[in-house]
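The lines below spell out each chain.
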Amino acid sequence: MKSTILRSINLGGRELDYQLVQSKAARKLRVRIGLNGVEVVQPEARKNSEVEEFLLANVAWITSQLDRIERFRSIRKPQRSGAGEILYRGTPTPVYVEDIARFEGANKVVLKQGSILIARGRKSSTPPARSLENWLRKQAREEVERYLQAVTRSLKQYPQKVYIMDQRTKWGNCSSLQNLSFNWRLIMAPDFVMRYLVTHEAVHLAVPDHSKRFWLTVQSLCPNMERARQWLCVNSHQLFIDLHQPCLE
């Protein structure tokens, strides 16, 4: 079993937060740096002081990798999906934009026979892509709140507020004020992925760190945790799409 602890260290004047993963199986110290942050794997036989020495000895490489990640984040742009299709709850779903002569109001988005239909009002100035995003945000809120009801009831911990946002580097967050926020793009992922992310952030209401207790609690409430993490690792890029492309006529 692995345990995860949040730590920080000053590297060359830069305060670095990292996840320390203590592992019985690991044979040597190693560091991983990616979009989700810095992870240091510590073999059971190594002391905490050795971890700090290891990081300080590799400060040049770590700094260069952190700079590389920041550059990548600054240029990361939504991907374009195939015209006329997006992922919706994990399933490739056709998107149609239709002008309906008798329809004069605001654009209306409906799920109909496995497709998403955007009915464009004759007098509407709202781009179909904006209407689609607004609809997806609404669906995301409904599903997030549905999953939260069950999880928070089990935990007996409840958020102050719940936000649906458009974070570029996070799927969710639990603030120090006990507010939860979630990325609306999660509605495009399979249900088991959304359930995991909602559970993950909700458990932070009770356990603020990433300790062994935290992961065991998440696992007990969400048996598909590892499956969801693997899906996100492989497919998360599919959720960062440009909604204008599938709305092209």
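Everything discussed here concerns the structure shown above.
These numbers were taken from a predicted model, which means no experiment stands behind them.

Engineer: Would you mind showing me how to read the sheet that holds strand 10 (residues 162–165) here?
Structural biologist: As a general point, the strands of a sheet are linked pairwise by backbone hydrogen bonds and lie either parallel or antiparallel. A sheet is described by the order of its strands in space; here three strands give the open sequence 10-12-11, paired in mixed fashion. Lying at the two open borders of the sheet, with one neighbouring strand each, are strand 10 and strand 11 (172–174). Going from strand to strand, the sheet's axes swing by 15° on average, the running direction of each strand aside. In terms of strand pairing, strand 11 meets strand 12 (residues 180–183) through three bridges, oriented antiparallel. Considered in strand 12, the bridge of Cys174 is made with Leu180. Helix 3 (residues 128–155) rests against strand 10 and strand 12 of the sheet, and its axis sits at about 145° to strand 10. Sitting on the sheet, helix 4 (residues 191–203) touches strand 11 and strand 12, and the angle it makes with strand 12 is about 160°.

Engineer: It is not clear to me how the packing of aromatic side chains should be interpreted in this structure. Could you clarify?
Structural biologist: In this description, a pair of aromatic rings is defined by centroid distance and the angle of the planes. All chains considered together, the criterion is met by three aromatic pairs. Taken together, a centroid distance of 5.4 Å and an interplanar angle of 35° make the contact between Tyr88 and Trp135 tilted. In this pair, Tyr88 sits in strand 6 (residues 85–88) while Trp135 sits in helix 3, placing the two residues 47 residues apart along the sequence. Each member of the pair, Tyr88 together with Trp135, is buried. Judged by centre distance (5.4 Å) and plane angle (45°), the ring pair of Trp171 and Phe240 falls under tilted. With Trp171 in the loop between strand 10 and strand 11 and Phe240 in the loop between helix 6 (225–235) and strand 13 (241–242), the pair connects residues that are 69 residues apart, well separated along the chain.

Engineer: Please clarify how the pairing of strand 7 (residues 91–99) should be interpreted in this entry.
Structural biologist: Here four bridges tie strand 6 to strand 7, and the two strands are oriented antiparallel to one another. Looking across to strand 7, one finds that Ile86 is bridged to Thr93. In textbook terms, the turn of a hairpin is the stretch between consecutive antiparallel strands, and for strand 6 and strand 7 this stretch comprises two residues, one of which, Arg89, has a positive phi near 55°.

Engineer: Just to check I follow, could you spell out helix 6 for this structure?
Structural biologist: Side chains that are three or four residues apart share a direction in an α-helix, a result of its 3.6 residues per turn. Taken residue by residue, helix 6 has Met225, Ala228, Trp231, Leu232 and Asn235 as its buried positions. Buried residues in helix 6, looked at end-on, bunch into an arc of 125°, giving them a common side. Facing away from the buried side of helix 6 by over 90 degrees, the exposed positions are Gln230, Cys233 and Val234. As for helix 6, its buried residues are in contact with strand 6, helix 4 and helix 5 (212–221).

Engineer: What is the right way to look at the pairing of strand 3 (residues 30–34) in this model?
Structural biologist: Where a strand is regular, its side chains alternate between the two sheet faces. Only one face of strand 3 is covered, namely the one carrying Val31 and Ile33; the face carrying Arg30, Arg32 and Gly34 has none of its residues buried. Sheet topology places strand 3 next to strand 4 (residues 37–43); five bridges connect them, and they run antiparallel. From the neighbouring strand, Ile33 faces strand 4, where its bridge partner is Val38.

Engineer: Sorry, what's going on with the sheet that holds strand 9 (residues 115–120) here?
Structural biologist: Pairing in this open sheet of four strands is mixed, and the strands run 6-7-9-8 from one edge to the other. The open sheet terminates on both sides in strands that have one partner only, identified here as strand 6 and strand 8 (108–112). Neighbour-to-neighbour, the strand axes of this sheet turn through a mean angle of 30°, independent of strand direction.

What counts as what
- Residues numbered from 1 in each chain as written.
- Predicted model: local features only at pLDDT ≥ 70, side-chain atom pairs only at ≥ 80, totals over all residues.
- Heavy atoms only, no water.
- Pairing = 2+ DSSP bridges.
- Helix = DSSP H or I, 4+ residues; strand = E, 2+ residues; numbered from the N terminus.
- Axes fitted to C-alpha atoms, helices over the stretch in contact; angles between N-to-C directions.
- Contact = heavy atoms within 4.5 Å.
- Phe/Tyr/Trp six-rings, centres within 6.5 Å; stacked < 30°, edge-to-face > 60°.
- Buried < 20%, exposed > 50% of the residue type's maximum accessible area, 1.4 Å probe, protein only.
- Arc of directions from axis to C-beta.

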